[in-house]
Amino acid sequence: MKSFLVMQGHTYVEEKELGFIWAAKKDRSGMPSHSWERLSEVKKGDLVFHYVNGRILAVSVAKANCKMADRPSNDEQVEQLDEKGYYVELEYHELDVPLPIQSHLDAILPLLPIKYSPFQMNGHGNQGYLYPCNEKLAVKLLGLIADVNITEVEDEQLEFAMSAVVPVERNVLLPFLNTAESRVRTKIRNSEQKFRKDLMRLWASQCVLCGIDLPELLKAIRSKPWKDSSDLDKIDPYNGLLLCANHAALYEEGFIAFDGQGRLHISPQLSDAHYEKYDLHRKMKIARQENHKHYLKWHKRHLFKS
Ligand SMILES: [Zn+2]
């Protein structure tokens, strides 16, 4: 199960009413677009967040895999394009309270990928149509959406209580959000468990830098973080290092990195005093294998505080 974020404008109303998202294969100049082609990746059961004008208005589930079809329309006069496009049939769940992205930037920014991010750093949506939404961002969005919508439900129940009206219709939005969140969390948990187990085996259950071997203090850290990883990268044991808590923090924050040869690079932001405290030496080298190389380089290029 994957998650996506679709950027809709004035087409939202019709697309929601008819339960779909759609994109042409090529634009007017004949060029394909990554954000249109991405529809072809959507499979039955996948989750889609609907962003319109700064806010998430709905969350939907794909009812079937993407297929090639004409764009559905309420307007029979509308001229059909010559070519079929990517069509995904969706079950929309419109939110009682939409989620404004800019009000939650602090929580969202750290989870945005470097490549193909749906949002800019100021919280505005990017130009494309369909973006990938990694599982950790999906969990965050589902949590934020539930928070703002739970308050609304409580207010409603209070009104019911005061007017002594028994609510007949149960709110279906919150159970839906809970189910979606637990599905995404299960995917994260399974990947994390496998990843850690594989790293413990690969590095003989020791910190690659200092050799600390207390399992409680060892962390399996991805060189290419979750938000930037493909599904394969997420569970590839070579996309990771087993590090003690201190060294893990230094690596994740980019204060240390390793080059393709496995040689340690220390950020100039660390002083000589830190070297001693963290037991770091300029000539340290880890026993990296060939498969580690491109992940170590990715980390050094994108995260190292040089
Ligand atoms: Zn260590």
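Moving on: helix H7 (residues 245-252). Within an α-helix, residues lying three or four positions from one another point in the same direction, as the helix has 3.6 residues per turn. Taken residue by residue, H7 has His247, Leu250 and Tyr251 as its buried positions. Summarising the axial view, the buried residues of H7 lie within an arc of 95°, below the 170-degree limit, and thus occupy one face. Lining the buried residues of H7 we find strand S8 (218-222), strand S9 (240-244) and strand S10 (256-258). At the C-terminal side of H7, Gly254 shows a positive phi close to 80°.

Here Asn53, not a glycine, exhibits a phi torsion of approximately 55°, which is positive. Take Asn53: it is sitting in the loop between strand S3 (47-52) and strand S4 (55-62). A count of 13 C-beta atoms within 10 Å places Asn53 in the partly exposed class. Of note, Asp279 is a non-glycine position whose phi angle comes to about 55°, a positive value. Tracing the backbone through its elements, the reader meets Asp279 in the loop between helix H8 (272-277) and helix H9 (293-303).

Next up on the list: helix H5 (residues 173-202). With 30 residues, H5 extends 44 Å from end C-alpha to end C-alpha; this agrees with the ideal 44 Å at 1.5 Å per step. Along H5, the residues classified as buried are Leu173, Leu177, Ala180, Val184, Phe195 and Leu199. Ala204 sits one or two residues past H5 and shows a positive phi near 50°.

A separate point is the domain arrangement of the protein chain. For the protein chain, the domain assignment lists domain 1 (3-134) and domain 2 (203-303). On a C-alpha basis, the centres of domain 1 and domain 2 stand 36 Å from each other. Taken together, the contacts link six residues of domain 1 with four residues of domain 2. Looking at the side of domain 1 that touches domain 2 residue by residue, the class counts come to four nonpolar, one polar and one charged.

Now for the confidence of the model for the protein chain. The predicted model of the protein chain has a mean per-residue pLDDT of 92, with 92% of residues at 70 or higher. A low-confidence stretch, residues 165-169 (pLDDT under 50), is modelled with two contacts involving residues beyond four sequence positions or located in other chains.

Before going further, it helps to examine the pairing of S9. Along any regular strand, the residues point their side chains to alternate faces of the sheet. Counting buried residues in S9 gives five out of five residues, a clear majority hidden from the surface. Here S9 shows a buried face lined by Gly240, Leu242 and Cys244 and a second buried face lined by Leu241 and Leu243. Sheet topology note: the S8/S9 ladder contains five bridges and is antiparallel. Bridge pairing in S9 links Ala220 to Leu242.

Each value, and the rule that gives it
- Residues numbered from 1 in each chain as written.
- Predicted model: local features only at pLDDT ≥ 70, side-chain atom pairs only at ≥ 80, totals over all residues.
- Buried ≥ 20, exposed ≤ 12 C-beta atoms within 10 Å, placed from the backbone.
- Helix = DSSP H or I, 4+ residues; strand = E, 2+ residues; numbered from the N terminus.
- Arc of directions from axis to C-beta.
- Contact = placed C-beta atoms within 7 Å.
- Expected span 1.5 Å × (residues − 1).
- Domains from an automatic or database assignment.
- Nonpolar A, V, L, I, M, F, W, Y, C, P; charged D, E, K, R; others polar.
- pLDDT = per-residue confidence, 0-100.
- Pairing = 2+ DSSP bridges.

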